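# Chains, contacts and geometry: an overview
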Amino acid sequence: MQKPPDAAMTPRPDDGAPRAPTSIAARAMAGLKPAAAAYLEGLNAEQRRAVETTDGPVLVLAGAGTGKTRVLTTRIAHLIATARARPFDILAVTFTNKAAREMKARIGALVGPAGEGMPWLGTFHAIGTKILRRHAELVGLKSDFTILGTDDQIRLMKQVLADQNIDEKRWPARALGHAIDGWKNRGLGPEQVPPGESGAFAFGKGGALYTAYQARLATLNAVDFGDLLLLCLKLWRENPDVLENYQQRFRYILVDEYQDTNVAQYLWLRLLAQGHRNVACVGDDDQSIYGWRGAEVDNILRFEHDFPGAAVVRLERNYRSTGHILAAASGLIAKNEGRLGKTLRTEDEPGERVTISGAWDSEEEARLLAESIESLQAKKHPLSEIAVLVRISAQMREIEDRFVQLGLPYRVIGGPRFYERAEIRDALAYLRITANPADDLAFERIINTPKRGLGDATLQQLHGYARAERIPLLLAACRLVETDELKPRVRSTLRALVESFSRWARAVEKMPHSEVAQTILEESGYTEMWQKDRSADAAGRLENLKEFVRSMEEFPDLAGFLEHVALVMDASEAEGAERVSLMTLHAAKGLEFDTVFLPGWEDGLFPNQRALDESGRAGLEEERRLAHVGLTRARKRAKLSFAVNRRIHGLWSSTIPSRFIDELPEASVDVIEAPAHFSAGASRFDRNPQPFGSSYGTPGWQRAQANTNASNAAGGGRGFGSAPGGRAGARSGGPRQIEGELIAKSTGSASAFLGGMRVFHTKFGPGTVAGVDGNKLTVDFDKAGRKMVLDSFLQPG
DNA sequence: CTCTTAGATTTTTTT
DNA sequence: AATCTAAGAG
């Protein structure tokens, strides 16, 4: 990512003075002069204000689709073009590498060569790394420190827990990792952890474990992701002169996705911004969906307080979605409290309403969804403009199965990342030790991969020796093979391994690093291991390894490559193929598509039960924001769906439509009636309902509607999905739309059922009503236990 | 030490 | 249901 050391940084001949005519900015200006206003021209008044309010703190509240990135890039172009700053005077931080890449590209397009080499445009972590490498000694590191990924962290935590004799069953390493991450996200070092929280883990040892973990990191000359920010804070607090240097250097600061900043990032920014106070944060409180990993919406709500006199610009004109989609999304998000409040508007036509359809089970939902995509495809709708957004990855499987069966091309976005695959991590481990023989974590990872008979016992022995001598594992291995403390067999394999590593380390000096990698993979037997493996994905893994070696060629040296991998866990994806995109709602943030499918809108799944349990109302609001993000990804069509039966952890459960569906404004919604085959050839009572497709008879959902209509007609209410003339419509063939009708109302119509009544459910059998909430009932089933169900699925029993 | 089997574990994701 | 982890047998 940052291969060339920023040559531009070093010469600063005329700090603060007007730019010399030969400066980059001046050349940029010269180039831009004739079209000086060009880059401002397409902007609306609000956007223009966001760009032109250059000095002092600015908060830009940019709703979905309001041109946020455009404002950000134009602002940078404007700063450069008006000679307020040179590219290297500007600090621009993003959260993801993807966002950073995109911004780089767009600035390049706007400013031309002058925008190149913005050395301080990058993710928080990339910039933090860059700063730390320069001042590593001041925080007790060497400048070639390694950056640990999540799995290395866990490995290290396990060791720490073992050292302190803590039962790993009761206090899993993951949990400790979570706690420490949480503290780091909040900017807390080991000594700053509140005593109460420190005591919450492992009988009061939380803080001590944190300290021990940091000590282990230090001896390894390693940092984790949290440290990349936390150590910057430490560096600046303890070295005011260093801080001041950076404060002066960054004349203008820009922050993307400000609503996602955590406390550590906020503190980091605030320290830097105290220099010139030219800080512009762009964000949208309604799109804050990362609260569970430490993001603080409060940061955005508090901005004006922290930066008195801040200008606040609201971008409310949406350029993406049609009227109905926007109305649906706005109506939904309006149910949230505690937001800064924006009203998105569009000048686009109303367009199609958001559709809602139900299915008997998740498999049928997937089938209907795929059919719907096929019919769009038949109408020449490009597949690349269709996305399916799910709440959890587990939903993807059934949908993928369907796509595969139909031969519908698709791609999963944001799946397991390239550098996180086991074979890549293994290969990386080999390279890491070659580059840095003290990398114990990497050594542990591959000492017995491929299997060479060096197991736990040997490793323990090495550990003991290494700790006693205070040397790295590899060196310990070196020494131990010279003694006779090892069994002969172990001794000879270990000796061979040790010798291989020193041979490879020498090879790095005289061979291109990708060739060395190739050699290592072959000589270590790693490639062979996968060649012998006959499992289905072995071929793919070998393919990945090839790609891995090839990708190394793009980097000047091994160290540069390793740093790239540590920070950018992401291999750039091939774009533009004619495929449907499948991803989680989280992964969809920042993207847009003509047509968006949103399956699985069921209570418990979305809003997710766990989010509700863990964070209560705040959790619900975050889920609602997630729904808002999902809807606003759509330009022309949004299609919601839900299933009334879904397999959760392998068990079928009955589900009820998401409460978010009730919250959508009726005027912008169409309910799609069940397709014709739904009610074909009905046997009225299916003793043993088959979850697999509706071909087995009338699905319960449809059957239940008659029931609901009957029971609710008097109260004027309607069951979900019911519509007058349903049967007639069914005969007519394709889906029929009933405009503006319905929407399940859990309020309004009282259910025909009362607490204590005996009832019968087609799936769960007989039971007793325990509670009633509109048409949603809590029932204690004789066999299946307590469940929430829609009254329409129940017969009086 | 390695392989097998029983058991638990199951959101969202970046760096 | 599927997958990963840890304990037990060979």
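Residues numbered from 1 in each chain as written. Chains lettered and ligands numbered in written order. Predicted model: local features only at pLDDT ≥ 70, side-chain atom pairs only at ≥ 80, totals over all residues. Heavy atoms only, no water.

At a minimum axis distance of 10 Å, the contact between helix α23 (residues 488-510) and helix α24 (residues 513-523) shows a crossing angle of 165 degrees. Here α24 runs roughly antiparallel to α23, going by the angle between their axes. At the point where α23 passes α24, the crossing takes the right-handed sense. Between α23, through Arg503, Trp504, Ala507 and Val508, and α24, the contact on the second element is made entirely by Val516, Ile520 and Glu523. Taken together, the residues that form the contact of α23 with α24 break down as five nonpolar, no polar and two charged. (Axes fitted to C-alpha atoms, helices over the stretch in contact; angles between N-to-C directions. Helix = DSSP H or I, 4+ residues; strand = E, 2+ residues; numbered from the N terminus. Parallel < 35°, antiparallel > 145°, perpendicular 65-115°, else oblique. Left-handed = near helix turned anticlockwise from the far one by under 90°. Contact = heavy atoms within 4.5 Å. Nonpolar A, V, L, I, M, F, W, Y, C, P; charged D, E, K, R; others polar.)

As a further point, take the sheet that holds strand β6 (residues 252-255). Read across the sheet, six strands follow the order β3-β2-β6-β7-β1-β8 without closing on themselves; strand pairing throughout is parallel. Because the sheet does not close on itself, it has two edges, and the strands there are β3 (121-123) and β8 (311-315). Ignoring which end each strand starts from, the neighbouring axes of this sheet average 15 degrees apart. Here strand β1 (residues 58-62) runs beside β8; their pairing, made up of five bridges, is parallel. What sits directly across from Ala62, in β8, is Leu315. Helix α4 (residues 68-81) rests against β1, β2 (90-94), β6, β7 (279-283) and β8 of the sheet, and its axis sits at about 170 degrees to β6. (Pairing = 2+ DSSP bridges.)

This part covers the nonpolar core. Core analysis: the largest hydrophobic core is formed by 73 residues, its most contacted members being Leu91, Ile131, Trp236, Ile253, Tyr258 and Trp268. Sequence-distant contacts of Leu91, defined by excluding residues within four places in its chain, comprise Trp120, Ile127, Phe250, Tyr252, Ile253, Leu254, Trp268 and Leu272. Among the nonpolar cores identified, the runner-up in size contains 50 residues, and Phe418, Leu486, Ile520 and Leu545 belong to it. (Core = buried A, V, L, I, M, F, W, Y, C linked by side-chain atoms within 4.5 Å. Buried < 20%, exposed > 50% of the residue type's maximum accessible area, 1.4 Å probe, protein only.)

The next thing to look at is the protein's contact with DNA strand B. Surrounding DNA strand B, one finds 29 residues, the nearest of these being Arg391, Ser393, Arg417, Gly455 and Thr584. Gly453 has a polar backbone atom sitting 3.1 Å from a phosphate oxygen of DNA strand B. Going through the elements one at a time, α21 (456-469) and α29 (609-632) are the ones with two or more residues in the surface near DNA strand B. Ranked by the residues each element gives to the surface near DNA strand B, the list is headed by α21, at three residues. (Near = heavy atom within 4 Å. Polar contact = N/O pair within 3.5 Å; in protein donor to acceptor, adjacent residues only side chain to side chain.)

Before going further, it helps to examine the protein's contact with DNA strand C. Taken together, the neighbourhood of DNA strand C is formed by Lys169, Arg397, Arg647, His649 and Gly650. Each atom of DNA strand C within 4 Å of the protein was assigned to sugar, phosphate or base; sugar and phosphate come to 50%. The residue inventory of the surface near DNA strand C, partitioned by class, reads no nonpolar, two polar and three charged.

In the structure shown here, the tally under the stated rule is 48 salt bridges. Of the charged contacts in the structure, one is a salt bridge between Asp426 and Arg445, with a shortest N-O distance of 2.6 Å. Placement of the pair is Asp426 in helix α19 (residues 422-435) and Arg445 in helix α20 (residues 440-446), with a sequence separation of 19 residues. Exposure class is identical for Asp426 and Arg445. Each is buried. (Salt bridge = Lys/Arg side-chain N within 4 Å of Asp/Glu carboxyl O.)

Glancing now at the domain arrangement of chain A. By a widely used convention, the size of an interface equals the accessible area lost when the partners come together. The domain architecture assigned to chain A consists of domain 1 (40-145 + 227-314), domain 2 (146-220), domain 3 (354-417 + 572-672), domain 4 (420-570) and domain 5 (757-796). A separation of 33 Å is found between the C-alpha centroids of domain 1 and domain 3. With 14 residues of domain 1 at the interface, the matching set in domain 3 holds 10 residues. Both sides of the domain 1 and domain 3 interface together cover about 1,100 Å² of buried area, and 54% of this is carbon and sulfur. Contact with domain 3 buries area across many residues of domain 1, yet Asp286, Gln287 and Ile289 alone supply 45% of it, more than any other trio. Our enumeration of links across domain 1 and domain 3 arrives at two salt bridges. Between Glu257 and Lys589 there is a salt bridge whose closest N-O contact spans 3.6 Å. Inspection of the domain 1/domain 3 interface yields eight residue pairs in polar contact (both at pLDDT 80 or more). Split into classes, the residues belonging to the side of domain 1 that touches domain 3 amount to five nonpolar, four polar and five charged. (Domains from an automatic or database assignment. Buried area = accessible area lost by both parts, 1.4 Å probe.)

Of all five residues in β2, five are buried; the element is thus mostly enclosed. Neither face of β2 is exposed, since Ile90, Ala92 and Thr94 on one face and Leu91 and Val93 on the opposite face are all buried. By the bridge criterion, four bridges tie β2 to β6 in an arrangement that is parallel. In the sheet register, Val93 faces β6, and the bridge partner there is Val255.

A full pass over the atoms with the stated rule returns 23 aromatic pairs. With centroids separated by 5.7 Å and ring planes inclined at 50 degrees, the aromatic side chains of Trp236 and Trp268 adopt a geometry described as tilted. Residue Trp236 is found in helix α11 (residues 225-238), and its partner Trp268 is found in helix α13 (residues 263-273); the two are separated by 32 residues along the sequence. An angle of 85 degrees between the planes, with centres 5.8 Å apart, marks the rings of Tyr258 and Phe303 as edge-to-face. Taken together, the residues span a long stretch of sequence, with Tyr258 in the loop between β6 and α13 and Phe303 in helix α15 (residues 303-306) at a distance of 45 residues. Tyr258 sits in the buried class, given a relative accessible area of 1%. (Phe/Tyr/Trp six-rings, centres within 6.5 Å; stacked < 30°, edge-to-face > 60°.)

Bringing the environment of Arg270 into the picture now. Tracing the sequence through the fold places Arg270 in helix α13. Residue classification places Arg270 among the partly exposed positions, given a relative accessible area of 32%. For the pair Arg270 and Asp306, spaced 36 residues apart in sequence, the C-alpha separation works out to 8.7 Å. When neighbours within four sequence positions are excluded, Arg270 is seen to be in contact with Asp306 and Phe307.

Turning our attention to the confidence of the model for chain A. Averaged over chain A, the pLDDT score is 81; the fraction of residues at 70 or greater is 79%. Mean pLDDT per element in chain A: strand β18 (residues 737-739) is the minimum at 26, and strand β13 (residues 593-598) is the maximum at 97. Segment residues 1-21 is flagged for pLDDT under 50; beyond a separation of four residues in sequence, or across chains, it makes 34 contacts in the model. For the stretch residues 676-750, pLDDT sits under 50, and the model shows 135 contacts to residues farther than four places along the chain or on other chains. (pLDDT = per-residue confidence, 0-100.)

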